[in-house]
Amino acid sequence: LFPKSAYVGYTATPFANIFIPPDDFNLFPKNFIKSIPPPSLYVGAEKIFGFEYSDDEDNTNLPIVNVIDDYLDFVPDRHKKDDSKPTGLPESLQTAIHCFILNCAMRALRGQAQEKNKHNSMLIHVSRWVSWNEEIKDLVDTLYYFYRNGIDQNDVKILNLFRETFEKDSENYDSYATVSEKILSSDKFRELDHKTQVHSWKDILPHLNKAVQKIEVRSIYGKSKSALDYKENEENGLFVIAV
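This section reports on the structure supplied with the text. (Residues numbered from 1 in each chain as written. Predicted model: local features only at pLDDT ≥ 70, side-chain atom pairs only at ≥ 80, totals over all residues. Heavy atoms only, no water.)

Observations regarding the overall build of the chain
Our working definition: Helix and strand definitions follow DSSP, with helices as H or I runs of at least four residues and strands as E runs of at least two, each counted in order from the N terminus. Throughout, a residue-residue contact means that at least one pair of heavy atoms, one from each residue, lies within 4.5 Å. Surface accessibility follows the Shrake-Rupley procedure with a 1.4 Å probe radius. Residue values consider only the protein chains on display as shielding.
Within the chain, the secondary structure is distributed over seven helices and three strands. Ordered by position from the N terminus, the helices and strands of the chain form the series α-α-α-β-α-α-α-α-β-β. Long-range pairs, those at least 24 residues apart, make up 64% of the contacts in the chain with a sequence separation of at least 6. Just so you have it, the chain exposes about 16700 Å², and 52% of that area is on carbon and sulfur atoms.

Spelled out as structure tokens, the structure:
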């Protein structure tokens, strides 16, 4: 309706919203999109994954990604909706659940959660089929309650599982202690979080039971009854493993 017009947009995902072909004869993207540099303390996909995976110890990725190979018997590539569902969880996913519970306890120790009612979330996303997600949710739920009861009852075997995850490295996994030491020894990463330090197991242990009691396991998809209702849980914080 006007002889001259202008469009100004501010977005985190410009490529999803602008569909001008990216060739040399158009405004897009060089003269059309202005990238605002992230702040120095921002941790996004590039710092976590980089542009491509590398085993190089000197790369610019945070040392927190573990490449796994024990999933094929759990959720095979290109699985179908009616294929046989898994009957147990792979070791890597069990370790990931240990890590999440430890993370909740560690944030409480550092004053970043519980006392301030911050949210804590873990995502498990391994299938696009609802029936698979429901089955996996039940498996995770069963294992989580086993861990929760063991921690609540001071079961020595269960506590040792978590202590090993906290302290012991394996072929495809670096422990919390090792990762913390790597971050603190890196000029690139030590300033990202001033609360990062190498804690001891005796410091973590008193916070473990309180952390594990708050966690829920939920199956989340378009028509599910569950929701990630963070706003409704602002007062106490939402602790959730979302499948």
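On we go.
Overview of unusual backbone geometry
We note that Arg 78 has phi near 55 degrees; this positive angle belongs to a residue other than glycine. Although it is not a glycine, Asn 154 sits at a positive phi angle of roughly 55 degrees. Within the secondary structure, Asn 154 is located in the loop between helix H4 (130–152) and helix H5 (156–167).

Quick look at the nonpolar core
As a rule of thumb, nonpolar side chains are buried together in soluble globular proteins. Our working rule: Side-chain atoms within 4.5 Å link the members of a nonpolar core, which is a set of buried Ala, Val, Leu, Ile, Met, Phe, Trp, Tyr and Cys residues. Using a 1.4 Å probe on the protein chains alone, a residue whose accessible area is under 20% of its type maximum counts as buried, one over 50% counts as exposed, and one in between counts as partly exposed.
Ile 97, Ile 101, Phe 162, Leu 208 and Ile 241 are the most contacted members of the largest nonpolar core, which has 39 residues in total. Elements represented by at least two residues in this core include exactly helix H3 (91–109), H4, H5, helix H7 (201–213), strand S2 (215–218) and strand S3 (239–242). At nine residues, H3 tops the list of elements feeding residues into this core. Not counting residues up to four positions away in its chain, the partners in contact with Ile 101 are Tyr 144, Tyr 147, Ile 151, Phe 162, Leu 208, Ala 211, Val 212 and Ile 215. Listed in part, the five residues of the second largest apolar core include Leu 62, Val 179, Phe 189 and Leu 192.

Brief notes about the pattern of salt bridges
We apply this condition: Criterion for a salt bridge: a side-chain nitrogen of Lys or Arg within 4 Å of a carboxyl oxygen of Asp or Glu.
Applying the stated criterion to the full structure yields six salt bridges. Salt-bridge contacts for Asp 174 lead to Lys 182; the nearest nitrogen and oxygen are separated by 2.8 Å. You can call Asp 174 partly exposed: its relative accessible area is 25%. The salt bridge involving Glu 216 is made with Arg 218; its shortest N-O contact spans 3.1 Å. You can call Glu 216 partly exposed: its relative accessible area is 34%.

Here we look at the environment of Ile 158
Note on placement: Ile 158 falls in helix H5. Ile 158 sits in the buried class, given a relative accessible area of 5%. Taking the C-alpha atoms as reference, Ile 158 lies 8.9 Å from Phe 146; in sequence the two are twelve residues apart. Aside from chain neighbours lying at most four places away, what touches Ile 158 is Phe 146, Tyr 147, Gly 150 and Ile 151.

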